[in-house]
Amino acid sequence: MGDYTLMFICFMLTSTSLMAAIFGDGNSANGVEDQRVPAPDHLIKSLGTIFCDGQLRGTAAHIRIPPSYAHKKHSIIVSAAHVLYHAGTSVAYKKCVYRPQGKRLSGIDFDKISRHNFSPLTNNKIQQADHDIVFISLKSPLSDPGLNLQIAQNEVSVHFIGYNEDQDNISISQHCNLYTSAQFASNYLLLHDCDAGRGASGGPLVDVKTKSIQGVHGGTLLLAKNNNVATIPRGALPNAEELINQGRKIDLGTISELKRFTAYLSKDFQH
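Keep in mind the model is a prediction, meaning the values are calculated, not measured.

Rules used throughout
- Residues numbered from 1 in each chain as written.
- Predicted model: local features only at pLDDT ≥ 70, side-chain atom pairs only at ≥ 80, totals over all residues.
- Heavy atoms only, no water.
- Helix = DSSP H or I, 4+ residues; strand = E, 2+ residues; numbered from the N terminus.
- Core = buried A, V, L, I, M, F, W, Y, C linked by side-chain atoms within 4.5 Å.
- Buried < 20%, exposed > 50% of the residue type's maximum accessible area, 1.4 Å probe, protein only.
- Contact = heavy atoms within 4.5 Å.
- Pairing = 2+ DSSP bridges.
- Axes fitted to C-alpha atoms, helices over the stretch in contact; angles between N-to-C directions.

Overview of the environment of Ile113
Looking at the secondary structure, you find Ile113 in strand 7 (residues 108-113). Remark: the alpha-carbon pair of Ile113 and Ile136, spanning 23 residues in sequence, is separated by 4.6 Å.

Right, here's the structure in full:
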């Protein structure tokens, strides 16, 4: 990559070659300050926020469990794994709850968390993003049926749904494009320009036609020249080779892990 150093907008890091920033501090698509609007009721009922150790940490989606899967007792949500770790210390939060539709007085305790290979301390940020997905079972069931997971398709239009700190609600970004990039090549990521900001990490990328989850938003990829500290100004235009939002795509491995997790829950193993 020549005189470029790959930087991933992620946890607060002490490495001299990486910039300190936060997942989800993305750009505003097409140079507009904020294109997001409140999510419609038929989608927002399956969305919520993750609240850990006194603060909102990200977004999650309630997923529909197929009848063939082993476990149906408790509801399961999907989110980005990094939202469970302190951005400054990379230590896992002690107490997390899921707030359906982001409602402050409706927190549901986590029951168990699926295994994952996400490592908050690795310097390989593409690899980190590849593993940035997690399933979480809740101690109380949710009333809505949830959204289906669908193996991501190449030629599909997506919307992004996530918490909007500026509006203090769960919003939808409807004007999104998916990209391919030589600099950010990965078999596990969906690269997109959906409007995403602080608190949106873990929100789903949803197929416009089927309303199924194609991916889980993780953060923003950035190339900084000559190791210079780089910042992303509000309203910055996305560029597929320099600045792009990314999400962990739903693939066969993701589906297999969900099946394993539901089987694990049905046997009531210790986690």
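Examining the nonpolar core
Counting 45 residues, the largest nonpolar core has Ile63 and Phe110 as the members making the most contacts within it. Per-element accounting of this core gives the leading share, five residues, to helix 3 (residues 252-266). Not counting chain neighbours up to four residues away, the residues in contact with Phe110 comprise Ile50, Ile77, Leu84, Cys96, Val97, Tyr98, Ile136, Ser137, Leu138 and Lys139. Listed in part, the 10 residues of the second largest apolar core include Val158, Phe160, Leu190 and Leu205.

Thoughts on the sheet that holds strand 3 (residues 47-52)
What holds strands together in a sheet is hydrogen bonding between their backbones, with the strands either parallel or antiparallel. The six strands are arranged 3-4-5-8-7-6 in a closed barrel whose pairing can be described as antiparallel. Here the strands of the sheet are splayed against their neighbours by 45 degrees on average, with no regard to which way each runs. Sheet topology places strand 4 (residues 55-63) next to strand 5 (residues 76-79); three bridges connect them, and they run antiparallel. Bridge pairing in strand 5 links His62 to Ile77. The strands that helix 3 touches are strand 4, strand 5, strand 7 and strand 8 (134-138); relative to strand 8, the one it contacts most, it runs at about 30 degrees.

Description of the side chain of Ser46
Following the sequence through the fold, Ser46 ends up in the loop between helix 1 (41-44) and strand 3. Judged by relative accessible area, Ser46 falls into the buried class, the value being 2%. Setting aside its immediate chain neighbours within four residues, Ser46 contacts Ala60, Ala61, His62, Tyr98, Asp144, Gly146 and Leu147.

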